[in-house]
Amino acid sequence: MSQEFGGRTGLQGKLTQWLRGRRPKEAADDGGREALLLAAAGAGLPLAPAAHPAPGFGCSCDRVGCPTPARHPVSFAWQTQSTTDRGQIERWARHQPQANFITATGMVHDVLDVPLDAGLEAMERLLASGIEVGPVAESSDGRLLFFTLTRGTPEDEDEWWPCELDCHPETMDEHPGLRWHCRGSYVLVPPAQLPGEGQSVHWVRGLEHPLPDPLSLLEVLTDACARHAGAEPDHASAAWPLRG
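Let me begin by describing the structure that accompanies this report. Keep in mind it's a predicted model, so treat the numbers as computed, not measured.

The subject of this paragraph is the overall build of the chain. Per the secondary structure count, the chain includes seven helices and eleven strands. Within the chain, buried positions represent 50% of all 244 residues. On the chain, roughly 11,700 Å² of surface is accessible, and the fraction owed to carbon and sulfur atoms is 51%.

A few words now on the nonpolar core. Core analysis: the largest hydrophobic core is formed by 27 residues, its most contacted members being Leu37, Leu47, Ile89, Ile102, Phe147, Leu188 and Val189. Elements that contribute at least two residues to this core include exactly helix H3 (30–42), strand E1 (47–50), helix H5 (86–95), strand E4 (100–104), strand E7 (143–149), strand E9 (186–189) and strand E11 (200–205). Beyond its immediate chain neighbours, meaning those up to four positions away, Leu37 contacts Leu47, Ile89, Ala93, Phe101, Val189, Pro190 and Pro191. Core analysis: the next-biggest nonpolar cluster, separate from the first, contains 23 residues, Met123, Leu218, Val220 and Leu221 among them.

What follows covers the environment of Trp92. Mapped onto the elements of the fold, Trp92 is located in helix H5. The exposure class of Trp92 is buried, given its relative accessible area of 11%. For the pair formed by Trp92 and Pro49, sequence separation is 43 residues and the distance between their alpha carbons is 7.1 Å.

For the rest of this paragraph, the subject is the environment of Ala229. Summarising the element assignment, Ala229 is placed in helix H7 (residues 215–229). Judged by its relative accessible area of 61%, Ala229 is exposed. Considered as a pair, Ala229 and Pro115 are 114 residues apart in the sequence and their alpha carbons are 9.8 Å apart.

Taken in spatial order, the six strands line up as E8-E5-E7-E6-E11-E10 in an open sheet, and their pairing is antiparallel. In this open sheet, the two edge strands, each paired with only one partner strand, are strand E8 (179–181) and strand E10 (192–193). In the sheet, strand E5 (residues 109–115) pairs with E8 via three bridges, with the strands oriented antiparallel. For Asp113, the partnering residue across the bridge sits in E8 and is Arg179. The strands touched by helix H6 (residues 116–128) are E5, strand E6 (136–139), E7 and E11; relative to E7, the strand with the most contacts, the crossing angle is about 45°. In the packing of H7 onto the sheet, the strands contacted are E5, E7 and E8, and the crossing angle to E5 comes to about 20°.

Calculation notes
Residues numbered from 1 in each chain as written. Predicted model: local features only at pLDDT ≥ 70, side-chain atom pairs only at ≥ 80, totals over all residues. Heavy atoms only, no water. Helix = DSSP H or I, 4+ residues; strand = E, 2+ residues; numbered from the N terminus. Buried < 20%, exposed > 50% of the residue type's maximum accessible area, 1.4 Å probe, protein only. Areas by Shrake-Rupley, 256 points an atom, 1.4 Å probe, with all protein chains shown as cover. Core = buried A, V, L, I, M, F, W, Y, C linked by side-chain atoms within 4.5 Å. Contact = heavy atoms within 4.5 Å. Pairing = 2+ DSSP bridges. Axes fitted to C-alpha atoms, helices over the stretch in contact; angles between N-to-C directions.

Written out as structure tokens, the structure is:
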């Protein structure tokens, strides 16, 4: 594996080329979109409808100056609404043909969300070390999303570390480093369209890869983010969800 990805020049190396070459051809038709959504639900990712882009880099919601256009759920009840039920997802997908979908984290899976360059560097190290990476999505706004198992459901509810302790999904732009989406958070699930021509969220490693333990990825991702930011990594703080 290290030979396969060796000899890269900066961050535009062979791993980046490999990822671009393996990017799925996500069909624009309803059948391709629906199949990908059902595959996500079949893998255990609970889904709920989200907003979609509107003309002029806007959002389909009614909020004036929406701070997260096409990136948020359409219902305030998204946590209870999120489901893996095939029939419900088919109805949503067919009745809302332009809608994006979010997946609620902290139920079955978490997401480690990092800047693209740091994520590519970390993925190279993880794959070269033989560590199972799991599904990974890329967002055209420069983020790489590592899908992992959740931390689990503690017997004592007070042991939960909800994302709200750090920030809300709507304030993520204030936190450019590693974000750990766990209980109380969500991410867009591919295929999703973002404002701007050709902007999307798409799989670069599909759901055929099993969800790994987040702690098996965390140190490498934290190190890569620290180097990307020009700071020394803080391993003492890396054992907890960092950002929601």
